[in-house]
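# Structure at a glance
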Amino acid sequence: MEHRADELPAVGEVLPVRVGHGLADARHVARIVRAPLLAQRGVVLVRAAAGVLVADSGLRVVGCPAAHALEDIRARGDRLRPQRLGREGRGHLGGHDAGQPFGHRRLDERAAAERRDGRLGDINYFKVVSGTVKEGDDLINMTTGTKERIAQLYAVAGKNRTKVTELRAGDLGATVKLKGTRNGDTLNEKDCDYVFPGIKYPNSRFRTAVRAVNKGDEEKMAEVLYRMHEEDPSLLVEYSKELKQMILSGQGEFHLNTMKWRIEHNDKIQIEFYAPKIPYRETITKYAQADYRHKKQSGGAGQFGEVHMVIEPYEEGMPEPTTYKIGGVDSKMSIKGKEEYDLPWGGKLVFYNCIVGGVIEARFMPAILKGIMEKMEEGPLTGSYARDIRVCIYDGKMHPVDSNEISFRLAGRHAFSEAFRKANPKILEPIYDVEVLVPDEDMGDVMGDLQTRRAMIMGMDADSGFQKIKAKVPLKEMQRYSTALSSITGGRATFTMNFAGYEKVPSEVQEELLKAYQETDDDE
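Below or above, wherever it landed, is the structure these notes cover. Everything numeric here is computed off the predicted structure, so don't read it as measured data. Every residue gets a number counted from 1 within its own chain, in the order that chain's sequence is written. Reporting in this predicted model follows two pLDDT cut-offs: at least 70 for local features of residues, and 80 or more for side-chain atom pairs to be given and counted; totals over whole chains, interfaces and linings ignore these cut-offs and use all residues. Hydrogens are left out, water is left out, and the side-chain values use all remaining heavy atoms of the structure.

### As for helix H8 (residues 481–489)
Those residues of H8 lying buried are Tyr481, Ser482, Leu485 and Thr489. Buried residues of H8 fall within an arc of 100° about the axis and therefore sit on the same side. For helices the rule is a DSSP run of H or I covering at least 4 residues; for strands it is a run of E covering at least 2, with both sets numbered from the N terminus onward. Downstream of H8 by a residue or two, glycine 490 has a phi angle that is positive, lying close to 65°. For every residue, the accessible area (1.4 Å probe, protein chains only) is compared with the maximum for its type, and the residue is labelled buried under 20%, exposed over 50%, or partly exposed between those bounds. This arc describes the spread of directions from the helix axis toward the C-beta atoms.

Below, the structure is given as structure tokens:
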């Protein structure tokens, strides 16, 4: 029997169909009620004037919602997810238990993304993994333990959002005004404690420095960048105190160019990319001695402090200092105190108080240490952090009236700088472990390119028609490597890079760096 569009079949009525199942059956039911086909796999959903016909794979009618439900279903969009229904209205929806009715109030919800809308504020996109989520539900963020209320629900199609009252397992939706939920968090009802594992994002492959064209937009630009990081965690934003640059890291040049376009067109901030500085380190390779007297008279109490020190390279497990040759004479060190510091930028500073006879009072030793640390934060060679140094303060002078902490801080700072320059200083550069997966036919070109980047090839492995190249490459030489590799291989190669450590730069590279730093100082 054929039904008119306004006379839908009753629940339990068997529809006449041709032999067979699948798409042909679905189309046949659509013709019976003269309505468009909405889904064609597992079940049949056909929209008609008075509601939605739901039929199982045998085309026995198992559900026919009333007309007032049509608006809610239409709001979810015509591309409804196929739902395989069983007997008595029970079924399986994504992660939903087939033995539970749809009204069961267990919920697993995964926050997948976040973005900001000028009218609604922060919008959280999520997938309902099991159960049903409705407006007004109170859920628990399993990452932070805080309670979140689902105030509004939206079905999303591109930039269009349609308000709905509930979403079921398998649905993708959005909500607003979540207080502390971020990418990858799991929201549950209080009776469910399942937590999805965190999302592991790929390591960055492209980095650049960024600044606003107009200096007045710097603060606004930083706010936009940190907001975009929350929306896209694979975009890393960091202000480097050492380099004095805002550094962006992403998956490639196109990734960052897309972000730049959004900032300039959506937020109306003109920005520019430029080459990022390299976080070099400075160290020494031999022992050296230096002394410095700070003396200043300007009427009234003056300033006076004199410090004598020896510095040498620090290595883990090395013996305590005993004797140094100072002025051609062996001088024995009498250790009164030792302080060892793990530096925030890597490496160590070991500070010895070897003063005898009270020529410098113990209360001035922290000031001397502070002066040394100040200079290590801005190395004498290129202004980079210094590391792995052992310092012995063995002599000095003070004045009963004019000596103070400022005097010894400045004396310690200048004595350390002078000794550092005498100790055959070297610049260290960051080295990365790089793995390149490249087609066999492009192997030679990629190897040649790596060699021009001062790479040290550590090995090669075959992998299903590809070659995996393992190498150690200086960070300086990896600038724009993702673009170069794509050009060489036609986009067929990929690579990963992870920080390995610091190594000394070649002498010619150090000369270039020293010259560039000297020119910068002269300009300032």
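### Observations regarding the pattern of salt bridges
In what follows, salt bridge is the name for a side-chain nitrogen of Lys or Arg lying within 4 Å of a carboxyl oxygen of Asp or Glu. Tallied over the full model, the rule gives 31 salt bridges. The residue lysine 348 makes a salt bridge to glutamate 340 at a minimum N-O spacing of 2.8 Å. The shortest N-O distance in the salt bridge between arginine 454 and glutamate 477 comes to 3.3 Å. With a gap of 23 residues between them, arginine 454 in the loop between helix H7 (443–452) and strand S30 (456–463) and glutamate 477 in the loop between strand S31 (466–474) and H8 connect regions that are remote in the sequence. Shared partners join several salt bridges into a network, and the residues in it are Glu316, Glu320, Lys338, Glu340, Asp342 and Lys348.

### Focus on the nonpolar core
Residues enter a nonpolar core if they are buried and are Ala, Val, Leu, Ile, Met, Phe, Trp, Tyr or Cys, with the set joined through side-chain atoms within 4.5 Å. Within the largest apolar cluster, 57 residues are counted, with the highest numbers of intra-cluster contacts made by Ile311, Ile372, Val391 and Ile393. Contacts are assigned to residue pairs with any non-hydrogen atoms lying within 4.5 Å of each other. Residues contacting isoleucine 372, with those up to four places away along its chain left out, are Met309, Leu349, Phe351, Val391, Ile393, Gly412, Arg413 and Phe416.

### Comments concerning H7
Of the residues making up H7, those classed as buried are Met443, Val446, Met447, Asp449 and Leu450. End-on, the buried residues of H7 take up no more than an arc of 160°, which puts them together on one face. Facing away from the buried side of H7 by over 90 degrees, the exposed positions are Gly444, Gln451 and Thr452. Those residues of H7 that are buried are in contact with strand S29 (426–439), S30, S31 and H8. Following H7 by one or two positions, arginine 454 adopts a phi angle in the positive range, close to 60°.

### Brief notes about the pairing of S30
For S30 and S31, the ladder comprises seven bridges, and the chain directions are antiparallel. Directly across from glycine 459, in S31, lies its bridge partner lysine 470. When DSSP finds at least two bridges between two strands, those strands are taken to pair. Linking S30 to S31, which pair antiparallel, is a turn of two residues; within it serine 464 sits at a positive phi near 55°.

### A closer look at the side chain of serine 417
Mapped onto the elements, serine 417 comes out in helix H6 (residues 405–422). Residue serine 417 is classed as buried on the basis of its relative accessible area of 13%. If we skip the residues at most four places from it in the chain, serine 417 touches Lys375 and Pro380.

### So, the packing of aromatic side chains
Any two of the Phe, Tyr and Trp rings considered here, Trp counted by its six-membered ring, make a pair once their centres fall within 6.5 Å; the pair's planes then place it as stacked at under 30 degrees, edge-to-face at over 60, or tilted in between. Tallied over the entire structure, the rule returns eight aromatic pairs. When the ring of phenylalanine 416 is compared with that of phenylalanine 420, the centres are 5.9 Å apart and the planes differ by 50°; the resulting orientation is tilted. You can see phenylalanine 416 and its partner phenylalanine 420 sitting in helix H6, four residues apart, about one turn around the helix. Since its relative accessible area comes to 0%, phenylalanine 416 is described here as buried. On the basis of relative accessibility, which here comes to 0%, the residue phenylalanine 420 falls in the buried class. Where phenylalanine 499 meets tyrosine 502, the ring centres are 5.7 Å apart and the plane angle is 65°; that geometry is what we call edge-to-face. Looking at tyrosine 502, the relative accessible area reads 21%, which means it is partly exposed.

### Re the packing of helix H3 (residues 218–231) against helix H4 (residues 253–266)
Structural elements are reduced to axes, namely lines fitted to C-alpha atoms, with helices fitted over the stretch in contact, and the angle between N-to-C directions of any two is expressed from 0 to 180 degrees. Closest axis-to-axis distance for the H3/H4 pair is 12 Å, and the angle between their directions is 125°. It follows from the interaxial angle that H3 and H4 lie oblique. Of the two elements, H3 crosses H4, and the hand of that crossing is right-handed. Taken together, the residues of H4 that come into contact with H3 (itself represented by Val224, Leu225, Met228 and Glu231) are Met259, Arg262 and Ile263. Throughout, the ten residues Ala, Val, Leu, Ile, Met, Phe, Trp, Tyr, Cys and Pro are labelled nonpolar, Asp, Glu, Lys and Arg are labelled charged, and all others, Gly among them, are labelled polar. When the residues that make up the contact of H3 with H4 are grouped by side-chain class, the tally is five nonpolar, no polar and two charged. Note that the term roughly parallel is reserved for angles under 35 degrees, roughly antiparallel for angles over 145, roughly perpendicular for angles of 65 to 115, and oblique for everything else. Crossings are classed by handedness, with left-handed meaning an anticlockwise turn of the near helix from the far one by less than a right angle and right-handed meaning a clockwise turn.

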